[in-house]
Amino acid sequence: MRAVITVIGNDNVGILHKVSGVCAKYQANVIEVTQSVLQEMFAMIMMVDISKMNADFASMSDELTALGTELGLSIHTMHEDIFNAMHRI
Amino acid sequence: MNNSMFNATDILETIRMIQDECLDIRTTTMGISLVDCIDPNIDKACDKIYDKITHKAEKLVETGEKIEKEYGIPIINKRIAVTPIAMLAAACPNDNPVKFAKALQRAAETCGVNFVGGYSALVHKGFSAGDEALIRSIPEALDITTRLCSSVNVGSTRSGINMDAVKMMGEVILESAKLTADRQCVGPSKLVVFCNAPEDNPFMAGAFHGVGESDCVINVGVSGPGVVRSTISKYPDLSLDQLADIIKKTAFKITRMGQMVGAKASKMLGVEFGIVDLSLAPTPAVGDSVAHILEAMGLETCGTHGTTAALAMLNDAVKKGGVMASSNVGGLSGAFIPVSEDAGMIDAAVDGTLTLSKLEAMTAVCSVGLDMIAIPGDVEATTISAIIADEMAIGMVNNKTTAVRVIPAIGMKEGDMLEFGGLFGSAPVMPVCRKSSARFIERGGRIPAPMHSIKN
């Protein structure tokens, strides 16, 4: 089971560090990261393995959303199934 | 990136749809049969209803919230639809059916759902025991409850239009508005008159659980006018057939998401998965308007000449895209055009471009009918009945569902505004024709089914 974390907003120092810190806390293993900075807008997509988490998915999702609010970024955490459903036939 | 990984563009498209374009699951509705709750003792029947609903739907809201969290997709409403209550009222001819309304309200409060639909009667060919009493009790039932929705099916392609019921519904709608005049006439906003009512529709106020359905099912209604509008506005120069293709692709993605959520909910609740209703259901929120889709297609204001053609194309493309995404398509499935719930429709009605006559024409090519339209409060009951009769005729002849949900605004006139708030929005009072239809309606009886109903 995997989840996709997306982070969108103004670039600043240490975003990747802080987001992956939350993942580590919940034992969600980061599998892949892509990021780009376009005209100071930061967009990062992170794929994490959630099959060995030490707490429920909702707690991590809430914490990441709160982190986003704190940093002025929009952070979404979603189960991979939704992307499979919408973009794969 | 290897093959199993996702395309960043796809991921960001999904996020944008949800965050900026109001994509959501409009409703997960649990259909519950109450046939096994029928009892000649109305108090016993009410206890059975309460027990069955609160047992079956105990985890409905909780499960919906869990799915929202896990998949990051908002599920706006969690609702319940039940067997038409007239069937239960039939067993208790000497009691006031309003007791059932109270039981349903209590069950809805306990489960935490915002609406329960099914205070309904199916009288398209005639009245059976319980039907008339239930219909007459609708104004009181909608007055004393807040979460109850009511519907009456008065016509069908196979059986014609029951004009006695049509006459009665004009009176019921007016009375319901009067009883709730101190609350923005909210009564009739929870009451739908149908022709060819679908038995698996998850959308309120017209949801009920048909007698051909399983004991308990989960139905899902998706939304997404904002996504379609935003997609269309990226292609200002495409021809209409090319545009239809773009709409199909968008509808496919939206419906796949609905299908996934329905399947998950059904598995988590241990309840059979019913249908996905692939409707474009607008809300008053900015960017979530069907009228704005039609305007993005090239019309200056919704309601001008060309609106019916644009809506016909939109409705068809949504269905074609949706049917491939789900093997269980049902309900109303098409574009909704409720005036008060759609920012663009409200503006067009206030502007005078969108009229009742144009809306009537539009209902011939979309999935529903005259929906959430405020009319002057001093209108005759027979005029409301005549509005219903016209709409039912369109549904009957065109083999489709049509519906009427009009709200007489007591003490108000053309240009005033009813304010419902929330998803129901605000309704500008629209003019109706003041010439009498009374003698036509007073005749009663039945309009026979059309020639093409004889198919066997």
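Coordinates for the structure precede this section.
Predicted model only: the values in this text are computed from it and were never measured. (Residues numbered from 1 in each chain as written. Chains lettered and ligands numbered in written order. Predicted model: local features only at pLDDT ≥ 70, side-chain atom pairs only at ≥ 80, totals over all residues. Heavy atoms only, no water.)

Chemist: Tell me about the sheet that holds strand β1 (residues 2–10) of chain A, and please be specific about residues and values.
Modeler: Strand order in the open sheet formed by 4 strands is β2-β3-β1-β4 (chain A), with antiparallel pairing between adjacent strands. Two strands lie at the open edges of the sheet, namely β2 (29–38) and β4 (73–79) of chain A, each paired on one side alone. The sheet shows a mean angle of 10 degrees between the axes of neighbouring strands, taken without regard to direction. Taken together, the 9 bridges between β1(A) and strand β3 (residues 41–49) of chain A define a ladder with antiparallel strand orientation. Its bridge partner lying in β3(A), N10(A) is registered against M41(A). On the sheet, helix α2 (residues 57–71) of chain A packs against β1 and β4 of chain A and is oriented at approximately 165 degrees with respect to β4(A). Along the sheet, helix α1 (residues 8–19) of chain B contacts β1, β3 and β4 of chain A; its crossing angle with β4(A), the most-contacted strand, is approximately 105 degrees. (Pairing = 2+ DSSP bridges. Helix = DSSP H or I, 4+ residues; strand = E, 2+ residues; numbered from the N terminus. Axes fitted to C-alpha atoms, helices over the stretch in contact; angles between N-to-C directions. Contact = heavy atoms within 4.5 Å.)

Chemist: Report on the packing of helix α11 (residues 307–325) of chain B against helix α13 (residues 356–363) of chain B, specifying residues and quantitative values.
Modeler: Residue and element names in this part refer to chain B. Interhelical geometry of α11 versus α13 gives an angle of 30 degrees and a closest axis separation of 9 Å. When the axis of α11 is compared with that of α13, the two are roughly parallel. Here the hand of the crossing between α11 and α13 comes out right-handed. Residues T307, T308 and L311 of α11 form the contact with α13, whose own contacting residues are K358, A361 and M362. Tallied by class, the residues present in the contact of α11 with α13 amount to 3 nonpolar, 2 polar and 1 charged. (Parallel < 35°, antiparallel > 145°, perpendicular 65-115°, else oblique. Left-handed = near helix turned anticlockwise from the far one by under 90°. Nonpolar A, V, L, I, M, F, W, Y, C, P; charged D, E, K, R; others polar.)

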